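Per-entry structural report
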Amino acid sequence: LKYKVATVAADNSISFGTERTAVTGTVSGLNAVYSTVHNKFILALRGTNTNLYFKAGSMDSGNDSISWGGEVGATYNGSIADFRFALAADDDNGTVACAYRKSSTDNYVVGMITNSSNNNLTISSNGKDLGSSLYAHADDMVYDTNTNKYQVIWERINADTVEVNYFSVNSSNGDLTYSTSGAVLA
């Protein structure tokens, strides 16, 4: 997985720096977010062995490369079924959440926290399995600063409905609290 740091000039033109490596080996799925609380880039990636991994990084002092921490395996790992997963970061506490489909019977949401002093991630072992009636993958996830909750949208199998689920992530240990299965849209 390669990246380039981009800079924007006064005339709004964009220039790209040197190509650098974020992850060695094969990556067959990717999502990325930026956490403003601790100024961290967070990657979620499906690696060579089809497991889900997370990685945090911060811009170096020269603003031309990112210093990356080590890869951390997702809670409830194993070969994940899909190449897509939803990832979101909050702008209040430095937490991150990821929704992913491990198999046709296991659809998970897990929480994690970033670190202000290094590029380590703490992945909680307390996630939520939403069961087998979700279709394929989480379509999207956002963090609502008004309610301090993550919202993830899923399509229900054989129900022709879309469901929104609400979660919060503890900012001291990354533990996930499932609030409710919210609005169901037909």
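Here's what I pulled together on the structure shown here. (Residues numbered from 1 in each chain as written. Predicted model: local features only at pLDDT ≥ 70, side-chain atom pairs only at ≥ 80, totals over all residues. Heavy atoms only, no water.)

**Examining unusual backbone geometry**
To keep things clear, this is the line we draw: In DSSP terms, a helix is any run of H or I states spanning at least four residues, a strand is any run of E spanning at least two, and both are numbered starting from the N terminus.
Notably, N39 is not glycine yet its phi reads approximately 55°, a positive angle. Residue placement: N39 occurs in the loop between β5 (30-35) and β6 (40-46). Residue N63 is not a glycine yet carries a positive backbone phi of 55°. On the secondary structure map, N63 appears in the loop between β7 (52-59) and β8 (66-68).

**A short note on the side chain of K55**
Quick note on the threshold: Think of it in three bands: residues with accessible area under 20% of the maximum for their type are buried, residues over 50% are exposed, and the middle band is partly exposed, with areas taken using a 1.4 Å probe on protein chains only. In summary, the charge assignment counts Lys and Arg as positive and Asp and Glu as negative, without counting His or the chain termini. Within this document, salt bridges are pairs made up of a side-chain nitrogen of Lys or Arg and a carboxyl oxygen of Asp or Glu, the two lying within 4 Å of each other. In protein, a polar contact requires one atom able to donate a hydrogen and another able to accept it; more generally it is a pair of N or O atoms within 3.5 Å, and residues adjacent in sequence count only if both atoms are side-chain atoms.
Mapped onto the elements, K55 comes out in strand β7. Put simply, K55 is tucked away with no salt bridge, and the nearest opposite charge, on E71, sits 4.3 Å away. Polar side-chain contacts of K55 include one of 2.6 Å to the backbone oxygen of A22.

**Description of the nonpolar core**
Rules: In this text, buried Ala, Val, Leu, Ile, Met, Phe, Trp, Tyr and Cys residues form a nonpolar core when linked through side-chain atoms within 4.5 Å. What makes two residues a contact is simply this: any of their non-hydrogen atoms within 4.5 Å.
L52, F54, L87, C98 and Y100 are the most contacted members of the largest nonpolar core, which has 19 residues in total. Sorting the residues of this core by element identifies β6, β7, β10 (86-89), β11 (95-103) and β12 (106-113) as the ones contributing at least two each. Setting aside chain neighbours within four positions, we find F54 in contact with L43, A44, G70, E71, V72, A74, L87, C98, V110, M112, L121 and I123. Of all hydrophobic cores here, the second largest spans 14 residues; its members include A86, A88, Y143 and F167.

**Overview of the packing of aromatic side chains**
Keep this limit in mind: Stacked, tilted and edge-to-face are the three classes assigned to paired rings of Phe, Tyr and Trp, where Trp is represented by its six-membered ring and a pair needs centres within 6.5 Å; plane angles under 30 degrees give stacked, over 60 edge-to-face, the rest tilted. In this analysis the charged atom, NZ for Lys or CZ for Arg, is taken to sit over a ring once it is within 6 Å of the ring centre and within 35 degrees of the ring normal.
Evaluated as defined, the whole model comprises five aromatic pairs. Here Y100 and Y108 contribute two aromatic rings whose centre-to-centre distance is 5.8 Å and whose plane-to-plane angle is 35°, an arrangement assigned as tilted. No difference in accessibility class separates Y100 from Y108, as the two residues are buried. Note that K128 overlies the ring of Y178, its terminal NZ or CZ placed 4.5 Å from the centroid.

**Quick look at the pairing of β7**
Keep this limit in mind: One requirement defines pairing of two strands: DSSP has to find at least two bridges between them.
Counting buried residues along β7, seven of its eight residues qualify, which places the element largely inside the surrounding structure. Sheet analysis places β6 next to β7, joined by six bridges and oriented antiparallel. Residue pairing for β7: I42 is matched across the bridge by A56. Hairpin connection, β6 to β7: the antiparallel pair is bridged by five residues, and T50 has positive phi, about 65°. Across three bridges, the pairing between β7 and β8 is antiparallel. Bridge pairing links S58 to S67 in β8. A loop of six residues connects β7 with β8, the two strands running antiparallel in sequence, and N63 in this loop sits at a positive phi of about 55°.

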